[in-house]
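Observations on the model geometry
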Amino acid sequence: MKGRVINLNGGVYKVILEDGSIKDFKARGKLRAEKVYQSNDKSLSKKKNPTTVKSSPKVGDIVIIDNDMIDHYEIRKNSLIRPDIANVDQILLVFAAKEPDFSFYLLDLFVINIIKNNISPVIVITKVDKLSSDELLSLKNDMKYYEDLGYKVFYVNNLDGSGRDDVLNILHDKITILSGQTGAGKSSLVNTLIPGFKLETQEISDALGRGKHTTRQISLYPFMGGLLGDTPGFSKLEASLLGLKANELNNLFVEFKNYKCRFSDCNHLENSKDCGIRKAVDDGLILKNRYLSYVKLYNELKNR
Ligand SMILES: Nc1nc2c(ncn2[C@@H]2O[C@H](COP(=O)(O)OP(=O)(O)OP(=O)(O)O)[C@@H](O)[C@H]2O)c(=O)[nH]1
Ligand SMILES: [Mg+2]
Ligand SMILES: [Zn+2]
């Protein structure tokens, strides 16, 4: 029997099986090395020398069930640490327009974490009702820069469901998870998207702390032929935890390659003389906030 892990809680794996039914299982030998097989190995025979790695299955894994226990999981197409999940097709980066305050730095950190893992980011801005029309216009103007980079940007008001249909359009047959700061409105967005859903959401007054109804586990819900996943938010995020290195940032800020810096060893920091990237920022070609994120991230990774 084969299925996909949709939730993990205290060593119990909730698995959606091929017939659509959902059952709980435990994994065989929890802490010992799990056997990982190539997905294309149809035989899935234990004798065929599987690659062995020392890790347990996690949410998103395709697992093989034998004698009512998870025996092993298949090779992952991708694997994230934050949130701790495997095999996602796309990630909706959920950012509140306000409360918590919108942060370009957090957004850039997240976009980078995702493209580093070869997953396509989609940006969803929630709580647009909290901005005046001028503030919203100005935010949308800045976000055009991200659309030009090739990232989709959606605007949702979870109070009245406006913007919902744009998001629904991209969910068909995909494994999509929501990720973002605590209190950004991820669980509320799941409720907006899936008719009849009533996940508990935290109180506004607790939005910046760990509220009573803050999400504590990743859960994938069957929806539109795919799976939609709610994840726990984070209150703080350290760049170093994402396994990024200062010298790879150059490639991860994807637009930098469009502007020539004639020094091959330049790190494009604020004190770099004659730097092509800094010139592009001064000329308004690179969004100032993007560049500031780059500098902050570079220094944070370098000073570790
Ligand atoms: N005004 C307004 N409030 C919203 C909107 N979306 C969510 N909220 C409120 O924001 C608070 C936090 O929402 P949640 O959905 O719990 O946030 P979350 O991202 O799931 O938070 P964690 O589970 O801690 O990561 C709740 O009080 C929601 O009612 C929105 O579009 N507009
Ligand atoms: Mg939540
Ligand atoms: Zn430079």
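The model shown is predicted, which means the values in this text are computed figures rather than measured ones.

**With respect to the overall build of the chain**
The secondary structure content of the chain amounts to seven helices and 15 strands. Each of the 304 residues in the chain was classed as buried or not, and the buried ones make up 35%. Long-range pairs, those at least 24 residues apart, make up 65% of the contacts in the chain with a sequence separation of at least 6.

**Some thoughts on the pairing of strand β6 (residues 62-66)**
As paired elements, strand β1 (residues 2-9) and β6 share three bridges and run antiparallel to each other. Each bridged residue has a counterpart across the sheet, and for lysine 2 the counterpart in β6 is isoleucine 64. Where β6 folds back on strand β7 (residues 69-74), the antiparallel hairpin that results is connected by two residues, among which asparagine 67 adopts a positive phi of roughly 50°.

**Let's talk about helix α7 (residues 288-302)**
For α7, which comprises 15 residues, the first-to-last C-alpha distance of 21 Å matches the rise-based estimate of 21 Å (1.5 Å per residue) to within 8%. Listed in full, the buried residues belonging to α7 are Arg290, Tyr291, Ser293, Tyr294, Leu297 and Tyr298. One side of α7 holds all its buried residues, which, seen down the axis, span an arc of 155°.

**Focus: the site of ligand 1**
Near ligand 1 you find 24 residues, and of these Gly185, Ser188, Thr201, Thr215 and Gly233 are the closest. A breakdown of the residues in the shell around ligand 1 according to their chemical character gives five nonpolar, 14 polar and five charged.

**Side note on the nonpolar core**
Core analysis: the biggest nonpolar cluster contains 62 residues, and Leu93, Val94, Phe95 and Val124 have the highest contact counts within it. Top contributing element to this core by residue count: helix α1 (residues 104-116), with seven residues. Among all residues touching valine 124, those that are not within four sequence positions of it are Leu92, Leu93, Val94, Phe154, Val156, Val167 and Leu189.

**Notes on the environment of serine 56**
Topologically, serine 56 is positioned in the loop between β5 (51-53) and β6. A tally of 18 C-beta atoms within 10 Å means that serine 56 is categorised as partly exposed. Separated by 16 residues in the primary sequence, serine 56 and histidine 72 place their C-alpha atoms 8.4 Å from one another.

**Some remarks on the environment of glutamate 270**
If you trace the backbone, glutamate 270 turns up in the loop between α5 (249-252) and α6 (276-282). Judged by the 11 C-beta atoms lying within 10 Å of it, glutamate 270 falls in the exposed class. Distance in space between the C-alpha atoms of glutamate 270 and valine 295 is 7.6 Å, their sequence separation being 25 residues.

**Quick look at the packing of α1 against α7**
Where α1 meets α7, the axes come as close as 9 Å, and the angle between the chain directions of the two elements is 70°. One way to sum up the angle between α1 and α7 is to call them roughly perpendicular. Where α1 approaches α7, its residues Phe104, Tyr105, Asp108 and Leu109 are matched on the opposing element by Asn289, Arg290, Ser293, Lys296 and Leu297. For the contact of α1 with α7, the class distribution of residues is four nonpolar, two polar and three charged.

**Thoughts on the confidence of the model for the chain**
Per-residue confidence for the chain gives a mean pLDDT of 88; residues scoring 70 or more make up 88%. The secondary structure element of the chain with the lowest average pLDDT is β5, at 52, and the one with the highest is strand β12 (residues 152-155), at 98. Every residue in residues 39-48 is under pLDDT 50, and counting partners more than four places away or in other chains gives seven contacts.

**A word on the environment of asparagine 157**
Within the element layout of this structure, asparagine 157 appears in the loop between β12 and α3 (164-168). Between the C-alpha atoms of asparagine 157 and valine 128, which are 29 residues apart in sequence, the distance is 5.6 Å. Apart from the residues within four sequence positions on either side, asparagine 157 is in contact with Val128, Asp129, Ser162 and Gly163.

Here is what the cut-offs are and how they apply
Sequence order as written defines the numbering, with residues in each chain counted from 1. Starting at A for chains and at 1 for ligands, labels are handed out in the order in which the entities are written. Given that this is a predicted model, residues contribute local features only at a pLDDT of at least 70 and side-chain atom pairs are listed and counted only at 80 or more, while totals for whole chains, interfaces and linings are drawn from all residues. Every helix listed is a DSSP run of H or I at least four residues long, and every strand listed is a run of E at least two residues long, numbered separately from the N terminus. Exposure classes come from backbone-placed C-beta atoms, where a residue is buried if 20 or more other C-beta atoms lie within 10 Å of its own, exposed if 12 or fewer do, and partly exposed in between. Whether two residues are in contact is decided by their C-beta atoms, placed from the backbone, lying within 7 Å. A pair of strands counts as paired when DSSP detects no fewer than two bridges linking them. Given the number of residues in a helix, its expected span is that number minus one, multiplied by 1.5 Å. Working note: the arc is built from the helix axis to C-beta atom directions. We count a residue as near a molecule or strand when its backbone-placed C-beta atom lies within 6 Å of that partner. Ten residue types, Ala, Val, Leu, Ile, Met, Phe, Trp, Tyr, Cys and Pro, are classed as nonpolar, four, Asp, Glu, Lys and Arg, as charged, and the remainder, Gly among them, as polar. Among buried residues, those of type Ala, Val, Leu, Ile, Met, Phe, Trp, Tyr and Cys that are joined through C-beta atoms within 7 Å form a set called a nonpolar core. The angle between two axes is taken between their N-to-C directions and runs from 0 to 180 degrees, where each axis is a line fitted to C-alpha atoms and a helix contributes only its stretch in contact. Working rule for angles: under 35 degrees goes down as roughly parallel, over 145 as roughly antiparallel, 65 to 115 as roughly perpendicular, anything else as oblique. As a per-residue measure, pLDDT tells how confident the predictor is, with possible values from 0 to 100.

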